[in-house]
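# Observations on the model geometry
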Amino acid sequence: QLQLVESGGGLVQPGGSLRLSCAASGFTLDYYAIGWFRQAPGKEREGVSCINFSDSNTYYADSVKGRFTISRDNAKNTVYLQMNSLKPEDTAVYDCAAAPTMPGFCTVVAGSPVAYDYWGQGTQVTVSS
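In this report, the structure presented in the accompanying data block is examined. Remember, it's a predicted structure, so these values are computed and weren't measured experimentally. (Residues numbered from 1 in each chain as written. Predicted model: local features only at pLDDT ≥ 70, side-chain atom pairs only at ≥ 80, totals over all residues. Heavy atoms only, no water.)

### Overview of the state of the cysteines
A complete count under the given rule lists 2 disulfides for this structure. The side chain of Cys22 participates in a disulfide bridge whose partner is Cys96; the two sulfur atoms lie 2.1 Å from each other. Linking Cys22 and Cys96, the disulfide has an S-S dihedral of approximately 75° and is accordingly described as right-handed. Placement of the pair is Cys22 in strand β3 (residues 18-25) and Cys96 in strand β9 (residues 92-100), with a sequence separation of 74 residues. For Cys22, a relative accessible area of 0% translates into the label buried. The disulfide partner of Cys50 is Cys106, and the S-S distance across this bridge is 2.0 Å. Across the S-S bond of Cys50 and Cys106 the torsion is about -65°, and the bridge reads as left-handed. Here Cys50, found in strand β5 (residues 46-52), pairs with Cys106, found in helix α1 (residues 105-108); they are 56 residues apart in sequence, far enough to count as distant. Owing to a relative accessible area of 1%, Cys106 belongs among the buried residues under this scheme. If the cysteines joined by disulfides in the protein are listed in sequence order, their pairing comes out as 1-3, 2-4. (Disulfide = S-S within 2.5 Å. Helix = DSSP H or I, 4+ residues; strand = E, 2+ residues; numbered from the N terminus. Buried < 20%, exposed > 50% of the residue type's maximum accessible area, 1.4 Å probe, protein only.)

### Comments concerning the side chain of Thr123
Secondary-structure assignment places Thr123 in strand β11 (residues 123-127). Looking at Thr123, its side chain comes within polar contact range of the main-chain nitrogen of Gly9, at 3.2 Å. With residues up to four places along the chain from it excluded, the contact list for Thr123 reads Glu6, Ser7, Gly8, Gly9, Leu20, Ala92, Val93 and Tyr94. (Polar contact = N/O pair within 3.5 Å; in protein donor to acceptor, adjacent residues only side chain to side chain. Contact = heavy atoms within 4.5 Å.)

### Considering the pairing of strand β1 (residues 3-7)
Alternating positions in β1 separate cleanly, Leu4 and Glu6 being buried on one face and Gln3, Val5 and Ser7 remaining unburied on the opposite face. Where β1 lies against β3, 5 bridges are found, and the strand directions are antiparallel. Across the sheet, residue Val5 finds its bridge partner in β3, namely Ala23. (Pairing = 2+ DSSP bridges.)

### Examining unusual backbone geometry
Phi is positive for Ser56, close to 65°, though the residue is something other than glycine. For Ser56, the position within the fold is in the loop between β5 and β6 (58-60). Of note, Asn77 is a non-glycine position whose phi angle comes to about 55°, a positive value. Mapped onto the fold, Asn77 is located in the loop between β7 (68-73) and β8 (78-83).

Keep in mind these values describe shape, not function.
The following block contains the structure:
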């Protein structure tokens, strides 16, 4: 059974950091691109970041560039999203998603939810003082 499980969310003060994890089971991430999305109440889902295992390309939304870093651990079949300098507007449910990889995926379709085949259950991130 193909499954993605997110963890690492929580409550953090503005300026703080969190690291989200997206662990895959039932398939190897070597042949997939992984995207992180977020959705705040009343807002559309936003593509935050992407990493393509085939060409190592990455993507970041302008809203998180310079603050978030996506990385992978092949041995653990896990992708991480390190989030620093968090702001209240980063508050949302964060999901990871997987799509069969192709060259340029994270450049062309990273922020499009319909491009992904498998989704995790989401983890809540709340940035508040």
